[in-house]
Amino acid sequence: MSGGTGAAPTATAVRARAPAKINLALHVGPRRADGYHDVATVYQAIDLYDEVLAETRADGLVSVQTSDLNGNPVAGVADDRTHLAVRAAHALRTRAGVGAGVHLRVRKQIPVAGGMAGGSADAAAALVACARLWGLPNEPAGLAELAAGLGSDVPFALLGGTALGTGRGERVAALPTGPPATWVLVTSSSGLSTPSVYAETDRYRAEHTVPAPQVDERLLRALSAGDLRLVAGSMRNELQDAAQVLRPELTDLIAAGSWAGALAGLVTGSGPSVALLVDDDVRATTVAAAVGPVARRLLPGAQVRTAHGPAPGAHLVGTPEPAANEITPRP
Ligand code: C5P
């Protein structure tokens, strides 16, 4: 990426959005010396998006304002330098040698601390919007490298589709997109902290030798074959036990989903969001209707909605939407 302080802005406002993710598989290795865990994960992006409107600021400052779809503030999000969208804008500015300022309006749909990479989506959308705002070359490989420094899930939020994640999740490679998937999502307004779920996983595995994480071949075959039922039967999240210890209600919720006719259900990432895989939109309606009352009884601020995967990664709004997995990272 290049361009000094003279890089001419090509617009005064640019809108981009980035998807939430579900982990179809999440295998977790032992804790590393740096505190992270090696993982082998299969990500799928879904059509639940956070949107970032990046507007030029003449004074050279970077600022952010986060709201929900109704324009209300979002609990658990601080509009300061710690916001991942702000960190993304700063990282891009430093990398490109740009002096321009930006105000980021973040419109959140993805639950906060829900295990669906909402913060990562904000960072990815901010990278894409600011790159265009500042007239930087469209350079997915450069953005992916910056993304990895911002958080483990940010490179996938850029890539989208269905992808294998290794390292701490930041090394991504596109996979066959798999069959079109319909998900009933159960989210809660009260999140779980990712570090605490990893720590709980370490605690109960302390007596065991933890093997190197590896994705089940059956899941990869199911994606190649486009076989939804085989995908359902091969999903696994090794953070799920810890999430269920910290939030026991999740066990009943997943059971309610199965009773209602879901093909399979699992906690997504570190939770507490639950993703129920269903046959189609018709089944989604019946499963959502059955699970809704249970969810509202068990989880604070529960919301039940339908989403579809795979969805494209971070992209500008107002330009043709890329197909899922169209943007492939370069090594
Ligand atoms: O990379 P990110 O900032 O999203 O990670 C948040 C926290 O989640 C880390 O500080 C770490 O405690 C935990 N984590 C982990 N192993 C990973 C990813 C995240 O232990 N692969």
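Note that the structure is predicted; figures quoted are calculated from it, not measured.

Novice: Is there a simple way to think about the sheet that holds strand β7 (residues 181-187) in this case?
Specialist: Taken together, four strands build an open sheet; the order of strands is β9-β10-β7-β11 and the sheet is antiparallel. Unpaired on one side and paired on the other, β9 (264-267) and β11 (303-309) mark the two borders of the sheet. Pairs of neighbouring strands in the sheet enclose a mean axial angle of 25 degrees, with direction left out of account. This element, helix α9 (residues 249-259), spans β7, β9 and β10 (274-278) of the sheet and lies at about 10 degrees to β10. Across the sheet, helix α10 (residues 281-298) is in contact with β7, β10 and β11; its angle to β7 comes to roughly 10 degrees.

Novice: Looking at this structure, I do not really get the packing of aromatic side chains. What am I missing?
Specialist: Overall, the coordinates contain one aromatic pair when judged by the stated rule. Residues Tyr43 and Phe156 carry aromatic rings whose centres are separated by 4.4 Å and whose planes lie at 10 degrees to one another, so their mutual orientation is stacked. Pair noted here: Tyr43 is in strand β2 (residues 37-57) and Phe156 is in helix α4 (residues 154-159), with a separation of 113 residues, a long-range link. Considered together, Tyr43 and Phe156 belong to a single accessibility category, that of buried residues. Across the ring face of Tyr49, the terminal group of Arg17 is positioned such that the distance to the ring centre comes to 3.9 Å.

Rules and cut-offs
Residues numbered from 1 in each chain as written. Predicted model: local features only at pLDDT ≥ 70, side-chain atom pairs only at ≥ 80, totals over all residues. Heavy atoms only, no water. Pairing = 2+ DSSP bridges. Helix = DSSP H or I, 4+ residues; strand = E, 2+ residues; numbered from the N terminus. Axes fitted to C-alpha atoms, helices over the stretch in contact; angles between N-to-C directions. Contact = heavy atoms within 4.5 Å. Phe/Tyr/Trp six-rings, centres within 6.5 Å; stacked < 30°, edge-to-face > 60°. Buried < 20%, exposed > 50% of the residue type's maximum accessible area, 1.4 Å probe, protein only. Lys NZ or Arg CZ within 6 Å of the ring centre and 35° of its normal.

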